[in-house]
Amino acid sequence: MSKKVYLTDVTGRDGFQMEKEWIETEEKISILNQIIQAGVTRIEATSFVSPKAIPQLKDAKEVISSLNRKGIELVTLVPNLKGTELAIEADVDEINFVVSISETHNNKNVNQSVGDSLEQIKIIHQLAIDHHKRLNISLGTTFGCPFEGIYQVDKVLKVMGRLDSIGVDRITLADTTGMANPKQIILFVKTLKAAYPNTHFSLHLHNTRGMGLTNLYAGYQAGIRHFDAAIGGKGGCPFAPGATGNVCLEDVAHMLSFMGIPIDPDVRKLTEAAKNLETLLGYQLPGQVMKAGLASDTTAIESH
Ligand code: COA
Ligand code: ZN
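What you are looking at is a predicted structure, and each value in this text was computed from that prediction instead of being measured.

A. Seen up close, the overall build of the chain. Across its full length, the chain carries 12 helices and 10 strands. The C-alpha atoms of the chain give 18 Å as radius of gyration, which agrees with the globular expectation for 304 residues (19 Å, within 12%). Expressed as lengths along the three principal axes of its C-alpha atoms, the size of the chain is roughly 70 × 40 × 35 Å. Counting only residues that meet the buried cut, the chain has 56% of its 304 residues in that class. Across the chain, every contact between residues at least 6 apart in sequence was considered, and the portion connecting residues at least 24 apart equals 74%. Carbon and sulfur atoms form 51% of the exposed surface of the chain, whose accessible area is close to 13300 Å². A distance of 4 Å separates the average location of the 30 positive side-chain charges in the chain from that of its 34 negative side-chain charges.

Written as structure tokens, this is what we have:
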């Protein structure tokens, strides 16, 4: 199995969705273009969701039409059929439909039952085929839910069975509120990969309880090569209590590159983009390499 890791930047979607203060469309585009210039080749730039649910992303269409898309795969998150139609109209490369494992979270997040979301996926799957679009399903709260507690893998296997029978073959296991631990990640990934060997699995991790990087490496050891992350460690779901940021893209890139694991983006350029985002937002971001510098950076010795 190849060592290389593929990183999807989700700053434009997960990173911005919880931000209360309006970020100008040009500023969003500038940050996303910096991330692309840093060498990231896949970005989830925004989502086609109700502007009432997520006011910050109401400029989804403008963001996509102004992005420098050359050489990148563009992904958008969608919660329903309407979002899927808008994503197809915007000619995205991949439609990322979100459904939660948790009945409670799915109701709060997309105002429908898990069963109803799965019924919609049947229609969306056909629509994606008809329009030659890739469809990925993000399973929110895969490892546990703040309303329902920690899950066993059987609960995910049940939903996977339904998705597989529809023909879905790309799945993101999302730890929406950072409840997973490394042992659980390894168990879930190994079990799901063994049960569905032809399905492409990726991981979407949050650092809510400080387990983000460890969970990512556990996922790597269990055979995952595609991960989501956001610069500066931005992000969080507004419909989950206590939600905080994604695993930090430049911290992930830093760890992997110093381990000799090949990745596309340049760590230093990502760090610059994260610092620019911090300046734009006007408060400190949780990213760590952006504060400490790269492990290989040396400090000049001052003479007294
Ligand atoms: N994009 C844009 N607008 C949409 C939309 C979409 N995908 N889906 C629905 N709308 C609009 C409708 O046109 C309607 O507008 P109107 O009030 O002007 O007529 C309004 O939103 C309500 O539509 P309805 O179908 O009744 O949706 P709802 O109120 O039951 O909300 C969702 C359901 C899925 C649209 C909403 O919960 C949502 O967007 N959730 C996304 C949550 C999210 O992004 N979470 C973080 C990522 S995991
Ligand atoms: Zn997330």
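Here the narrative resumes.
B. Just the coordination of the zinc ion (ligand 2), in detail. The protein atoms that coordinate the zinc ion (ligand 2) are Asp14 (OD), His204 (NE2) and His206 (NE2), at distances of 1.9 to 2.1 Å. Along the chain, the residues donating to the zinc ion (ligand 2) fall in the pattern D-x189-H-x1-H. Linking Asp14 in helix H1 (residues 11-17) with His206 in the loop between strand E9 (200-205) and helix H9 (212-221), this pair joins segments that are 192 residues apart in sequence. Judged by relative accessible area, Asp14 falls into the buried class, the value being 3%.

C. Structural view of the nonpolar core. Core analysis: the biggest nonpolar cluster contains 87 residues, and Ile43, Ile137 and Leu139 have the highest contact counts within it. Ignoring sequence-local partners within four residues, the contact set of Leu139 consists of Val99, Ile101, Val156, Val159, Met160, Leu163, Ile171, Thr172, Leu173 and Ala174.

D. Quick peek at the site of ligand 1. Around ligand 1, 18 residues are found, and the nearest of them are Ser50, Lys52, Asn80, Asn109 and Asn111. Lys52 is positioned with one of its side-chain polar atoms (N or O) 2.6 Å from an oxygen atom of ligand 1. The contact in question runs from an oxygen atom of ligand 1 to an N or O atom on the side chain of Asn111, over 2.7 Å. Burial of ligand 1 by the protein amounts to 66% of the accessible area it has alone, namely 930 Å². Counting only elements with at least two residues in the shell around ligand 1, the list comes to H1, helix H4 (81-89) and helix H5 (103-110). Sort the elements by how many residues they give to the shell around ligand 1 and H4 lands first, with 3 residues.

E. Inspection of H9 at higher detail. For H9, every residue scored as buried is listed here: Gly212, Asn215, Leu216, Ala218, Gly219 and Tyr220. Buried residues belonging to H9 abut strand E8 (170-175), helix H8 (182-195), E9, strand E10 (226-229) and helix H10 (249-258). Gly223 sits one or two positions beyond H9 and adopts a positive phi of about 110°.

F. Region of the structure containing the packing of helix H6 (residues 114-130) against helix H7 (residues 153-166). In contact at an axis separation of 10 Å, H6 and H7 are set at 20° when each is read in the N-to-C sense. Taken together, the axes of H6 and H7 lie roughly parallel to each other. Every pair of crossing elements has a handedness; the one defined by H6 and H7 is right-handed. On H7, the residues that touch Gly115, Leu118, Glu119, Ile121, Lys122 and His125 of H6 are Val159, Arg162, Leu163 and Ile166.

G. How the structure looks around unusual backbone geometry. A positive phi is found at Asp91, a non-glycine position, where the angle reads about 60°. Examined against the element boundaries, Asp91 turns out to sit in the loop between H4 and strand E4 (94-100). In this structure Asp91 comes out as partly exposed when scored by relative accessible area, which is 44%.

H. Expanded view of the pattern of salt bridges. Under the defined criterion, the tally for this structure stands at 15 salt bridges. Residue Lys4 pairs with Asp264 through a salt bridge whose shortest N-O separation is 2.8 Å. Taken together, the positions of Lys4 in the segment before strand E1 (6-9) and Asp264 in the loop between H10 and helix H11 (267-281) put the pair 260 residues apart, joining distant regions of the chain. Each of Arg42, Glu73, Glu94, Arg134 and Arg170 takes part in salt bridges that share partners, so that together they form one network.

Each value, and the rule that gives it
Residues numbered from 1 in each chain as written. Chains lettered and ligands numbered in written order. Predicted model: local features only at pLDDT ≥ 70, side-chain atom pairs only at ≥ 80, totals over all residues. Heavy atoms only, no water. Helix = DSSP H or I, 4+ residues; strand = E, 2+ residues; numbered from the N terminus. Rg over C-alpha atoms; globule rule 2.2 N^0.38 Å. Buried < 20%, exposed > 50% of the residue type's maximum accessible area, 1.4 Å probe, protein only. Contact = heavy atoms within 4.5 Å. Areas by Shrake-Rupley, 256 points an atom, 1.4 Å probe, with all protein chains shown as cover. Lys, Arg positive; Asp, Glu negative; His and termini not counted. Charge placed at Lys NZ, Arg CZ, Asp CG, Glu CD. Donors = N, O, S within 2.8 Å, 3.2 Å for Na, K, Ca; no water. Core = buried A, V, L, I, M, F, W, Y, C linked by side-chain atoms within 4.5 Å. Near = heavy atom within 4 Å. Polar contact = N/O pair within 3.5 Å; in protein donor to acceptor, adjacent residues only side chain to side chain. Axes fitted to C-alpha atoms, helices over the stretch in contact; angles between N-to-C directions. Parallel < 35°, antiparallel > 145°, perpendicular 65-115°, else oblique. Left-handed = near helix turned anticlockwise from the far one by under 90°. Salt bridge = Lys/Arg side-chain N within 4 Å of Asp/Glu carboxyl O.

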